[in-house]
Amino acid sequence: MQPDPLSARLDSLVGMTALPDVTWQMAVMWLIVTGLFYLAIFRKFEPLLLVPIAFGALLANLPTEGLVNPPGDGVAGGLFHYISLGVDLELFPPLIFLGVGALTDFGPLIANPRTLLLGGAAQFGVFATFLGATLIGFSPQEAGAIGIIGGADGPTSIFLANKMAPHLLAPIAVAAYSYMALVPLIQPPIMRALTTEAERKIRMQSLRPVSRLEKLIFAGLVTVVVILLVPAASALIGMLMLGNVLRESLVTERLAKAAQNEVINVVTILLGTSVGITMTGERFLNADTLKILGLGVIAFGIATAAGVLMAKAMNLVSRTKINPLIGSAGVSAVPMAARVSQIEGQRADPGNYLLMHAMGPNVAGVIGTAVVAGYFIAQYAG
């Protein structure tokens, strides 16, 4: 019996497409990608990062050609083979820190240095989750990379995961950025549960003005001290403080603006899509991913609670009271966590302004998380 010419032609056309290469894992990941797009575009949760991550994940779960392949036999590699080198070679996270430093005013921390303790307290979430992850079977390297999610610092999470557990990079990055985006939903219930209405109404004294010289000395001092104590954090701390010196020197305005805009914007696109391109269904859809997502929210909750409780403890021995709400800003989500402290403070007292006070622990959290990452690298990497 002769084959049907039309049927043969249809089979040939289908064979030329990528439809036969679609797997059930890809289809499931399309749903996850849709959820990420929804959170980013319609709920506006961290859209600058979730949109590139989601689009990268979409590309990762399509049967593409010439996109991620390494070079070989005289043929150039795919586009994302080269773009992803920015993650593999640990270039993108420090460059993000350059932009963060250029965008951030360290004045509130310098004006009220005791808020360093609040940023330090938030690191309890990192270490508690590190211990929990080791107890459920993760290696110390994996546990350290997972625990850093509690710092709510996406670039540091990527930097540490790439060094210590590159096979877990995708779920760790997605968890870190997702929880950063969900700060306004996750933190307020914890903050209210751990404080009284009277505590939430505490009005803090106005911060003293901080001179440019003080800010420059602070940036240099932190660079020297942190790198001497935790040299593995050099790339992150060095670029963070370089960005801040560009900002505060007032003689490098063009460079500061470039770090604040073009550099951080371009790197954010490349970093987000590079992370997303690792989110293949085979890597992402497994029990470890669910464990990481669960541990991540626990880490974030503990970090928030520890900052609030530290502020309450400081009030027991301090004449000048601290509004415990600013303790929650000890996580590294700058400036979102500080804004949440402000919103919760004004919910209790519309005339209370906590934003600048909360920026102190917020900046301290960025520095603290980078230091903890350096400690994990020194202790467990390699």
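Thresholds applied
- Residues numbered from 1 in each chain as written.
- Predicted model: local features only at pLDDT ≥ 70, side-chain atom pairs only at ≥ 80, totals over all residues.
- Heavy atoms only, no water.
- Patch = residues over 30% accessible without salt bridge, like charges linked within 9 Å, V, L, I, M, F, W, Y side chains within 5 Å.
- Areas by Shrake-Rupley, 256 points an atom, 1.4 Å probe, with all protein chains shown as cover.
- Salt bridge = Lys/Arg side-chain N within 4 Å of Asp/Glu carboxyl O.
- Helix = DSSP H or I, 4+ residues; strand = E, 2+ residues; numbered from the N terminus.
- Buried < 20%, exposed > 50% of the residue type's maximum accessible area, 1.4 Å probe, protein only.
- Axes fitted to C-alpha atoms, helices over the stretch in contact; angles between N-to-C directions.
- Parallel < 35°, antiparallel > 145°, perpendicular 65-115°, else oblique.
- Contact = heavy atoms within 4.5 Å.
- Nonpolar A, V, L, I, M, F, W, Y, C, P; charged D, E, K, R; others polar.
- Phe/Tyr/Trp six-rings, centres within 6.5 Å; stacked < 30°, edge-to-face > 60°.
- Lys NZ or Arg CZ within 6 Å of the ring centre and 35° of its normal.
- Polar contact = N/O pair within 3.5 Å; in protein donor to acceptor, adjacent residues only side chain to side chain.

The name an unreviewed UniProt entry gives the protein chain is oxaloacetate decarboxylase (Na(+) extruding), with Rhodovulum visakhapatnamense as the organism.

We now examine a nonpolar patch on the surface. On the surface, Leu213, Ile217, Leu221, Val224, Val225, Leu228 and Leu229 cluster together into a nonpolar patch covering about 730 Å² of accessible area. With respect to the helices, strands and loops of the structure, Val224 is situated in helix α15 (residues 212-229). Given the relative accessible area of 47%, Val224 is considered partly exposed.

Now for the packing of α15 against helix α16 (residues 234-248). Each pair of packed helices can be summarised by the angle the axes make with each other and by the distance between the axes. As a packed pair, α15 and α16 sit with axes 10 Å apart at the nearest point and diverge in direction by 170 degrees. Accordingly, the angle class assigned to the pair α15 and α16 is roughly antiparallel. Only Ser234, Ile237, Met241, Asn244, Val245 and Glu248 of α16 make contact with α15, whose side of the interface consists of Arg212, Lys215, Leu216, Ala219, Val222, Thr223, Val226 and Ile227. Within the contact of α15 with α16, the residues separate by chemical class into 8 nonpolar, 3 polar and 3 charged.

Counted according to the given criterion, the structure contains 8 aromatic pairs. Arranged with centres 5.6 Å apart and planes meeting at 50 degrees, the rings of Phe127 and Phe376 form a pair that is tilted. Linking Phe127 in helix α9 (residues 124-135) with Phe376 in helix α21 (residues 355-380), this pair joins segments that are 249 residues apart in sequence. Look at Tyr375 and Phe376: their rings are 5.8 Å apart centre to centre, the planes differ by 50 degrees, and that puts the pair in the tilted class. For Phe376, a relative accessible area of 0% gives the class buried. An aromatic cluster is defined as three or more aromatic residues linked by ring pairs; in this entry it consists of Phe127, Phe130, Tyr375, Phe376 and Tyr380. In this arrangement the basic side chain of Lys291 is found over the ring face of Phe138, its NZ or CZ atom lying 5.9 Å from the centre.

Further remarks concern the pattern of salt bridges. Following the criterion strictly, the structure yields 11 salt bridges and no others. The partner of Glu90 in a salt bridge is Lys163, and the shortest N-O contact between them spans 3.2 Å. Of this pair, Glu90 sits in the loop between α5 (85-88) and α6 (92-103) while Lys163 sits in helix α11 (residues 154-164), and the two are 73 residues apart along the sequence. Owing to a relative accessible area of 22%, Glu90 belongs among the partly exposed residues under this scheme. Lys312 is the salt-bridge partner of Glu199, the closest N and O atoms lying 2.9 Å from each other. Linking Glu199 in helix α14 (residues 197-200) with Lys312 in helix α19 (residues 287-317), this pair joins segments that are 113 residues apart in sequence. Via salt bridges that share partners, Asp105, Lys215, Arg247 and Glu248 belong to a single interconnected network.

Inspection of the secondary structure assignment puts Pro189 in helix α13 (residues 183-193). Judged by its relative accessible area of 44%, Pro189 falls in the partly exposed class. The spacing of Pro189 and Gly74 is 115 residues in sequence and 58 Å in space, taken between C-alpha atoms.

Okay, the side chain of Thr156 next. Within the secondary structure layout, Thr156 lies in helix α11. What makes Thr156 buried here is its relative accessible area of 0%. In this structure the side chain of Thr156 is engaged in a polar contact, spanning 3.0 Å, whose partner is the side chain of Asp153. If sequence neighbours within four positions are ignored, Thr156 has contacts with Phe97, Ile148, Leu236, Thr369 and Ala373.

Within the secondary structure layout, Ser249 lies in the loop between α16 and α17 (253-276). Once residues lying within four places of it in the same chain are set aside, the contact partners of Ser249 are Arg212 and Leu216.

It is worth spelling out unusual backbone geometry at this point. A cis amide bond links Val334 with the next residue in sequence, Pro335, at an omega value of -10 degrees. Of note, Pro335 is situated in the loop between α19 and α20 (336-348). For Lys44, which is not glycine, the phi dihedral falls at a positive 60 degrees. Locating Lys44 in the fold gives a position in the loop between α2 (24-42) and α3 (47-60). A relative accessible area of 66% means that Lys44 is categorised as exposed. Although it is not a glycine, Leu250 adopts a positive phi angle of roughly 65 degrees. By the element assignment, Leu250 lies in the loop between α16 and α17.

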